[in-house]
Amino acid sequence: MTPLIKLNASSPHESARKHVSGAARYVDDLPAPQGMLHGFAVASPHAHAKIVSRDGTRARALPGVHAVLFAADVPGSNHIGPVVHDEDLLADATAQCVGHAVAVVVAESRDIAREAAALVDVVYEVLPAILTIEESIAAKAFLGSPHHMARGDVDAALASAAIVIKATARNPAQDHFYLETHAALAIPEEGGNWLIYSSTQHPTEVQGEVASVLGLPRNAVVVEVPRLGGGFGGKESQASQIACWAALGAHVTGRPVKVWLDREQDMTHTGKRHPFRTDYEAGFDADGRLTALRARVYADAGFSLDLSQAINDRALFHLDNAYYVPNVDFQNFTCKTNLLSNTAFRGFGGPQGMVVIEDAMQRAAERLGKDPNVFRVASFYGDAPRNVTPYGMRVDQPRAARLWEELSASSDYATRSAAIAAHNATSSVVKRGLGFMPVKFGISFTATLLNQAGALVLVYADGSVQMNHGGIEMGQGLHTKMLAIAGDELGVPASAVRAMDTATDKVPNTSATAASSGSDLNGWAVRNACAEIRQRMAVVAAEVLGVPAAALVFADGQVGAPGGPSMPFAKLANTCWVRRISLSSTGFYATPDLAYDREKGFGRPFFYFAWGASVVEVEVNALTGEHRVVRADLLQDVGKSLVPSIDLGQVEGAFVQGVGWLTMEECLYDKRGRFVTHGPSTYKIPTIGDVPADLRVHLLENVEQDGTIHGSKAVGEPPLMLGIGVVSALRQAIGAFASPGHEIELALPATPEAVLRAIMDVRARSAAGAPSLHG
Amino acid sequence: MAIRFLLNGKAVEVDGVAPTTTLLQWLREHAHLTGTKEGCAEGDCGACTVALADVGPDGEPTWRAVDSCLVFLPALNGRSVLTVEGLGGDHPVQDAMVKHLGSQCGYCTPGFVMSLFEACHRKDLTATDDAGLNDQLCGNLCRCTGYRPIRDAAIEVVGTQPVDGHVATAPTGTATDYVAKGGRYAQPADLAGLFDALDAMPGARIVSGATDLALEVNKLHKALPALVSVESIPSLRGVTRTAGGWRIGATTLLADVEAWSKDPFPSLHRMLRYFASRQIKNRATLGGNVCNASPIGDTPPVLLALDATAILASRAGERRVPLREFFLSYRKTALGEGEVLAAIELPDLPEDAFAASYKVSKRRELDISAVAASFVVRVQSGVVSEARLAYGGMAATPSRAAGAERALVGRPFDEAAVNDAVAALATDFTPMSDHRGTAWYRATLAGNLLRGFYLETRNDRQPTLPARHAGTVIA
C-alpha cells in the first residue's frame with residue numbers, strides 16, 4: 001500500500017513498506033531469465049603495464065565457461081567515458097590502474113567465472129606509474145583543460161592584508177559505500193535489440209555506452225532501473241562499464257548475462273571522491289574580513305577523465321563558500337594518476353573547495369587566538385557590492401547571516417561556548433570544541449545543457465495513473481516527491497499514481513540523477529505533463545458539468561467547480577476515453593537563465609544557491625586521539641519543502657556522511673597502487689554510535705524560492721558540507737591542549753591517530769611543552 | 001544425511017549443496033528469498049541479518065540476530081530461521097521503521113528489521129539503554145539515513161515482547177554428518193562423538209560460529225572440505241562456578257559471556273561492549289576468539305590480564321595450560337593433535353585489584369583494534385604485588401608486557417612507577433605499521449593506555465563504561 005503522500009506534508013518514503021518487508025527489488029534480486037550466465041571481470045594487478053599477450057585457453061577449458069573476452073572481442077567501440085571516451089572498456093595496449101578490467105569471463109555460475117578468471121593468462125610488462133598528485137604535477141600529467149577565475153588584484157590585496165595565510169589544504173578520498181554494489185543484467189531480445197537492467201544513476205549514459213560498445217544505434221538498447229540501494233554519485237558514470245561487460249558477454253554468448261560486483265570488486269574496480277591538494281594564499285583585513293584568495297587546485301583524477309574536470313570546476317565555484325572575496329585568482333589542474341578513476345560523489349567538488357576556505361578561516365583565527373567565527377561572519381556575502389561571486393554571478397538573498405543568527409540562538413552557541421571554555425580550563429585529558437559551518441551551494445549542472453528533464457504521464461480509463469520521469473529513485477525520496485507533485489496537479493490521491501521504474505524507452509535523453517537536481521528538474525517535467533492532461537480533461541469536464549473550464553478544481557479525486565457540480569476523476573477519465581481524448585502526455589523542463597562562459601570564468605552557472613549551517617560540538621581524548629560528536633544542530637534552506645520528512649532525512653543523512661568523510665573513512669592505496677581498504681572490515685563508515693545522541697535538525701522557514709517547482713530547493717548534496725563543521729570543532733578542541741596562537745596541523749580524515757598527532761604537534765610547538773602524565 | 005530446519009516456520013530439507021554454502025547464498029540462490037541482502041559477505045554490514053532460534057543464557061529458547069553470510073548451512077540442522085519475508089509486512093518493528101522513515105534506499109533495511117526483531121524480543125534491553133541500543137544496532141550499516149530515525153524506531157520497539165506468533169524453539173541438538181560436493185561437515189552431539197569425528201577426518205578444521213572461518217570461504221574463496229563443529233556439544237557451553245573462580249565453556253557465545261561478565265569481571269564486560277557487533281557476538285564464541293590466536297583478537301589480552309587458564313580436552317582427558325603459555329607464535333597455539341579447547345577458567349578477581357580494559361580503533365564500534373589492552377594491578381601493603389599488563393596489536397601474539405610489569409612490582413602504584421613502566425614498554429614491544437595504525441601510534445597508545453589506566457582507577461578500582469564517552473579511557 002502506498003503511504004499517504006501529499007505536497008508540502010511529511011510522509012514516509014513511497015517504498016517504505018516494500019523496503020521493510022524485503023519486497024523491494026534491486027537489479028540483483030530480479031528473477032533470472034532463462035539461460036542466464038554470469039560475467040566476471042579479470043582485473044589488472046599492475047597500476048600501469050603494457051599488455052604483452054593474453055590467452056583465455058586455460059580458462060575456456062574449465063567446465064561451465066562459455067566465453068573469455070578481451071578488447072578485440074568488442075564489436076563496436078572499446079572506448080568509454082562520460083565526457084570523453086578515454087577509457088578502454090577492456091584494457092587493450094596498456095592497463096591503466098590496478099583494477100582495470102582486461103578480460104571478462106562468462107560462465108554458468110559466478111563461482112565458476114571467478115575460478116576461470118584466475119586461469120586467464122595475461123603477460124604484462126610493468127611500466128612506470130604515477131601514484132600521487134605530486135608525481136602527477138611533476139610530470140605535468142594533466143587531463144582536461146584548466147579553469148581560471150580572476151577578479152581584482154590579489155597581489156596588492158595580499159600586500160596590504162593584516163593577516164596572510166599561506167598553506168596547503170588537502171582533503172581525503174571517500175568511497176561511496178552504497179549498500180547495494182554495482183549490478184547489471186543484459187538480456188538479448190529479438191531483432192538484435194537489448195534490454196539492460198542496470199544499477200545506474202544515469203540510464204541514458206548506460207544506453208549510449210552499450211550502444212557504442214555493441215556498435216548499435218541507441219534505439220536498439222533499452223535501459224531500465226528498478227531502484228538503487230544508494231548511489232551518492234558512484235553510479236553516475238561508473239555503472240556503464242559493468243553494464244557494458246554484461247552486454248558484451250550476452251552479445252557473444254547469445255544468453256542473458258548478469259554482472260554483479262561483490263564488495264571487494266566494487267571497491268577495487270570503481271573510483272572514489274577525488275582527493276585534492278590546494279596550495280593557497282588568503283588575506284584578511286584587520287576586521288577579519290577576507291580580502292583575497294589565490295588558489296591552485298589539484299584534483300587526483302585517477303587514470304581517466306571521467307567527470308573530473310566538472311568536479312574540479314565545481315571546486316572552484318565553491319572556493320568562496322559563503323564568503324565574499326573581492327580579489328581572487330583561482331586555477332585548477334586535473335591530475336592523471338594510475339589509480340582508480342575518481343568520480344562523482346555527493347557535493348561533486350564543492351566540499352573539496354569549501355575545505356580550503358574553511359582552512360584559511362581556521363588558520364587565521366588560530367594564529368591570532370581568536371574565534372574563527374569572527375572571520376566567518378565578517379566575510380559573509382551581503383548587500384551590494386558584497387553580493388557577487390568570483391565568477392560574476394549575483395548572490396540573491398544571501399542567507400548566511402540569517403542562518404548564523406538563527407542557529408547560534410537555537411543552538412545556544414554563546415552559552416555553550418563559554419561552558420566549553422570553562423570545561424577545557426579544568427579538564428586535562430578531554431577537551432571540547434564547538435564548530436560552526438555555513439554552506440552556500442550552487443544548484444544546476446554547471447554544464448548548462450544537462451539542465452533538462454522529461455516525463456511521461458499516462459491516465460487510464462479507470463482513473464489510475466502511471467508516472468514516468470527521467471530521475472532515478474536511489475533512496476533520496478525522489479519518487480515520493482514526484483508522486484506528491486503528480487497527485488497535486490491531477491487532484492488525485494498519490495496512491496492513485498504509480499511511479500514506474502525509470503526506463504529509457506519512456507523518457508529519452510535524460511540527464512543523470514545528480515547535482516541535487518532530481519526533483520527540481522523532474523518535478524517540473526512531471527507537473528507539466530500532468531497539467532497538459534488536466535487541461536484536456538478540463539475541457540471535457542466543463543462540457544459534462546456545464547461550468548467553464550477555468551472554474552474547475554481538481555482535488556481529492558473530484559473534478560468540479562467550488563460549490564457547484566462535480567464528478568469523480570475516474571469517471572471523467574472514462575468519459576475522456578469514450579470521447580477519444582488523449583489521456584497521456586509528455587512533460588519537459590529546461591532550467592531558464594543559465595549562461596556560463598568557461599573561457600572567461602564568468603557568468604551564471606547556477607539557477608540559485610542552497611544554504612545551510614551547522615553547529616557541531618565534539619570532545620577529544622588526548623591520550624588516544626579518539627573523539628566523538630556530542631551534539632549537532634543543523635539548519636538547512638530547502639525553500640518550501642515538497643515533503644519535509646524526506647528533506648529532513650536527506651539533511652541528517654548527508655551530514656553524517658560528511659562527518660564520516662572527514663573523521664574515519666580512510667581510502668588507502670599501497671605502494672603498488674592497490675586499493676587496500678576494500679571492505680567494511682577496513683573501510684569504516686559511520687555506524688549508529690557515531691551519530692550524536694543530540695542531533696537537532698531543522699528546515700529554514702519562510703523561504704519559498706521563485707521559479708522552482710512549488711518554491712522548493714534542492715537538498716541532496718548541500719547538507720553533506722554541514723559535516724565540515726566537525727573539523728572546525730576538532731581544531732578548537734585540539735588547540736585547547738596547547739597555548740593559543742598556533743595553527744593546527746590536522747590531517748584528514750581526522751582519525752584518532754591523526755588527532756593524536758595534531759595534539760602532540762601543537763603541544764610541541766606551544767609553551768605548554770611536552771605531554772605530561774595528566775594530559 | 002540432509003539438513004533439516006525450519007525456515008519461516010516451514011520445514012525444509014536441503015541436500016546436494018556444498019557444506020560451506022552460506023545461509024545467505026542459499027536463501028538468495030536456492031530459496032529465491034531475495035529480501036536478505038549481501039552488502040559485504042564479511043559480517044561487517046549486517047544487510048544479511050536474519051534471526052536464528054537458540055537458547056539464551058537463561059536456558060530459554062530465544063531469537064538471535066545473526067549475519068547469514070557467516071552461517072554455514074549444515075549448522076542449521078535441527079534449528080529454526082526467520083528471514084525478513086517471514087515477518088510478513090506489518091510486524092511492529094516494520095511499522096516502526098516505516099513510521100520513523102528508517103529506510104531511504106532500503107537495501108540495509110531488511111537487516112535492520114531483523115536486528116530490531118531480536119531487540120523487540122530481548123528481555124535484557126530497554127529503550128533508555130543508550131549503549132545497549134548502539135550495541136544492538138552497530139552491526140548494521142546504513143549509508144543514507146544517518147541512523148537517527150532507526151534509533152527512534154528501535155526506541156519504540158525494544159523489549160516490547162510483541163505477541164507476533166514467532167516462537168523461538170530450542171535447537172534439537174541432534175548430531176549432524178553432512179556430506180556433499182566433496183565436503184563434509186560433522187557436528188557431533190557429545191565429546192566422544194567429537195573425538196571420533198576428529199579421528200575420522202584428519203586435517204579437519206574445527207568450527208563453531210564460523211564468524212572468522214567463513215571469511216576464508218567468502219573472501220579468500222578457499223575450499224574447506226572437512227569441518228568439525230563443536231557447536232552442539234552441551235558440555236562445552238555455559239558458565240559454571242568453580243572453587244575460587246569460573247569456568248567458561250569454550251563455545252559459550254560472546255553475547256552470553258558479555259551479559260554474564262558484568263558483575264564478576266567488569267574489565268571483560270567493558271571489552272565485549274566494543275567487541276564486533278551483536279550479530280557476531282550471537283555466533284562467535286570465547287573459545288573461537290582464543291583459538292584463533294590472532295594478535296588483534298580482543299578477548300585474549302583481557303583473559304591474560306585476568307590470569308586465565310585454558311582447559312584442553314582430548315580423548316585422554318583434560319589438561320590445564322596457563323593462557324600465557326597457550327599462544328606460541330603468530331596464530332600458533334599449544335593445542336595438540338586431537339585436542340580441543342574445552343573451557344577457559346578465570347580465578348576470582350580480588351576486590352583490591354585495579355582492573356580495566358581498553359580498545360582503540362578507527363571507529364569505536366565494530367572495528368578491529370589498533371591496540372587493545374587489559375590491565376590488572378594488585379596493591380598490597382602499599383606496594384604493587386602483582387601486575388598483569390596484556391596487549392593486543394603490539395606483537396605477533398597477544399602478549400604480556402614483562403618489562404613494564406617488572407617496573408611496577410614492588411613499588412607504590414604511583415606516577416613515577418607508571419612512567420617507568422611506560423618507558424619499559426619500548427623494550428617490551430616493537431609494533432608494526434598497517435592500515436589500522438602506524439608503529440608510532442601503537443607504541444604511543446600502549447603507554448598512554450597504561451597512563452590512562454592509572455588515572456582512571458584513582459577513583460574506581462574496576463571502572464565500568466558510561467553510555468557515551470570521549471574515548472576508551474574514561475576521563
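Just so you know, these numbers come straight off a predicted model, no measurement behind them.

**Notes on the confidence of the model for chain B**
- When pLDDT is averaged along chain B, the result is 97; 100% of the residues meet or exceed 70.
- Model confidence for the complex is summarised by a pTM of 0.98, with the ipTM given as 0.98.

**Details of the environment of Val113(B)**
- Looking at where Val113(B) falls in the secondary structure, it is placed in helix H3 (residues 109-121).
- C-alpha separation for the pair Val113(B) and Arg283(B), spaced 170 residues apart in sequence, amounts to 19 Å.
- Residues contacting Val113(B), with those up to four places away along its chain left out, are Val20(A), Val84(B), Leu87(B), Val93(B), Gln94(B) and Met97(B).

**Here we look at the packing of aromatic side chains**
- Applying the stated criterion across every chain yields a total of 32 aromatic pairs over all chains.
- Considering the side-chain rings of Phe375(B) and Phe453(B), the 5.1 Å spacing of their centres and the 50 degrees angle between planes classify their relative orientation as tilted. One end of the pair, Phe375(B), is in strand S18 (residues 371-380); the other, Phe453(B), is in helix H15 (residues 439-456), and 78 residues separate them in sequence.
- Residue Phe453(B) is classed as buried on the basis of its relative accessible area of 0%.
- Through a chain of ring-to-ring contacts, three or more aromatic side chains come together here, namely Phe354(B), Tyr358(B), Phe375(B), Tyr391(B), Phe413(B), Phe429(B), Phe453(B) and Tyr454(B).
- Sitting over the ring of Tyr178(A), Lys235(A) keeps its end group 4.3 Å from the ring centre.
- Stacked on the ring of Phe675(A), the Lys or Arg Lys272(A) has its end atom at 4.3 Å from the ring centre.

**Notes on the interface of chain B and chain A**
- Of the residues lining the interface, 79 residues belong to chain B; the matching set on chain A comes to 79 residues.
- In terms of surface lost to chain A, no three residues of chain B exceed Tyr107(B), Arg143(B) and Lys362(B), which account for 14% of the buried area on that side.
- Joining chain B to chain A, the criterion identifies eight salt bridges.
- Close ionic contact of Lys684(A) with Asp367(B) constitutes a salt bridge, the shortest N to O distance being 3.5 Å.
- Here chain B is connected to chain A by 39 residue pairs in polar contact (both at pLDDT 80 or more).

**Considering the pairing of strand S19 (residues 383-392) of chain B**
Residue and element names in this part refer to chain B.
- Most of S19 sits out of view: seven of its 10 residues are buried.
- Looking at chain direction, S18 and S19 are connected through nine bridges and run antiparallel. Bridge pairing in S19 places Phe-375 opposite Leu-389.
- The antiparallel hairpin formed by S18 and S19 contains two residues in its connecting segment, where Ser-381 sits at a positive phi of about 50 degrees.
- Here two bridges tie S19 to strand S20 (residues 399-400), and the two strands are oriented antiparallel to one another. For Tyr-391, the partnering residue across the bridge sits in S20 and is Ser-399.

**Regarding the sheet that holds strand S16 (residues 340-347) of chain B**
Residue and element names in this part refer to chain B.
- Judged by pairing direction, the sheet is antiparallel, and its five strands sit side by side in the order S10-S11-S16-S12-S13 without closing on themselves. The open sheet has two free edges, formed respectively by strand S10 (239-242) and strand S13 (317-322), since each of these has just one partner strand. Averaged over all pairs of adjacent strands, the angle between strand axes in this sheet comes to 25 degrees, irrespective of strand direction.
- By the bridge criterion, five bridges tie strand S12 (residues 309-314) to S16 in an arrangement that is antiparallel. By the bridge assignment, Ile-311 is partnered in S16 with Ala-343.

**Topic: the state of the cysteines**
All names here are of chain B.
- Taken as a whole, this structure holds zero disulfides over all chains when the rule is applied.
- Distance from the sulfur of Cys-69, which forms no disulfide, to the nearest cysteine sulfur (Cys-48) is 3.7 Å.
- As a non-bridged cysteine, Cys-120 has Cys-108 as the owner of its nearest cysteine sulfur, 18 Å distant.

**Here's the deal with the packing of helix H8 (residues 254-261) of chain B against helix H9 (residues 266-273) of chain B**
Residues and elements named next belong to chain B.
- Running from N to C, H8 and H9 cross one another at 135 degrees; their axes reach a closest spacing of 8 Å. Classified by the interaxial angle, the pair formed by H8 and H9 is oblique. H8 and H9 meet at a crossing whose hand is left-handed. Judged by residue contacts, Leu-254, Val-257, Glu-258, Trp-260 and Ser-261 of H8 engage Pro-266, Leu-268, His-269, Leu-272 and Arg-273 from H9.
- Among the residues forming the contact of H8 with H9, the class breakdown is six nonpolar, two polar and two charged.

What counts, and where the lines are drawn
Residues numbered from 1 in each chain as written. Chains lettered and ligands numbered in written order. Predicted model: local features only at pLDDT ≥ 70, side-chain atom pairs only at ≥ 80, totals over all residues. Heavy atoms only, no water. pLDDT = per-residue confidence, 0-100. Helix = DSSP H or I, 4+ residues; strand = E, 2+ residues; numbered from the N terminus. Contact = heavy atoms within 4.5 Å. Phe/Tyr/Trp six-rings, centres within 6.5 Å; stacked < 30°, edge-to-face > 60°. Buried < 20%, exposed > 50% of the residue type's maximum accessible area, 1.4 Å probe, protein only. Lys NZ or Arg CZ within 6 Å of the ring centre and 35° of its normal. Buried area = accessible area lost by both parts, 1.4 Å probe. Salt bridge = Lys/Arg side-chain N within 4 Å of Asp/Glu carboxyl O. Polar contact = N/O pair within 3.5 Å; in protein donor to acceptor, adjacent residues only side chain to side chain. Pairing = 2+ DSSP bridges. Axes fitted to C-alpha atoms, helices over the stretch in contact; angles between N-to-C directions. Disulfide = S-S within 2.5 Å. Parallel < 35°, antiparallel > 145°, perpendicular 65-115°, else oblique. Left-handed = near helix turned anticlockwise from the far one by under 90°. Nonpolar A, V, L, I, M, F, W, Y, C, P; charged D, E, K, R; others polar.

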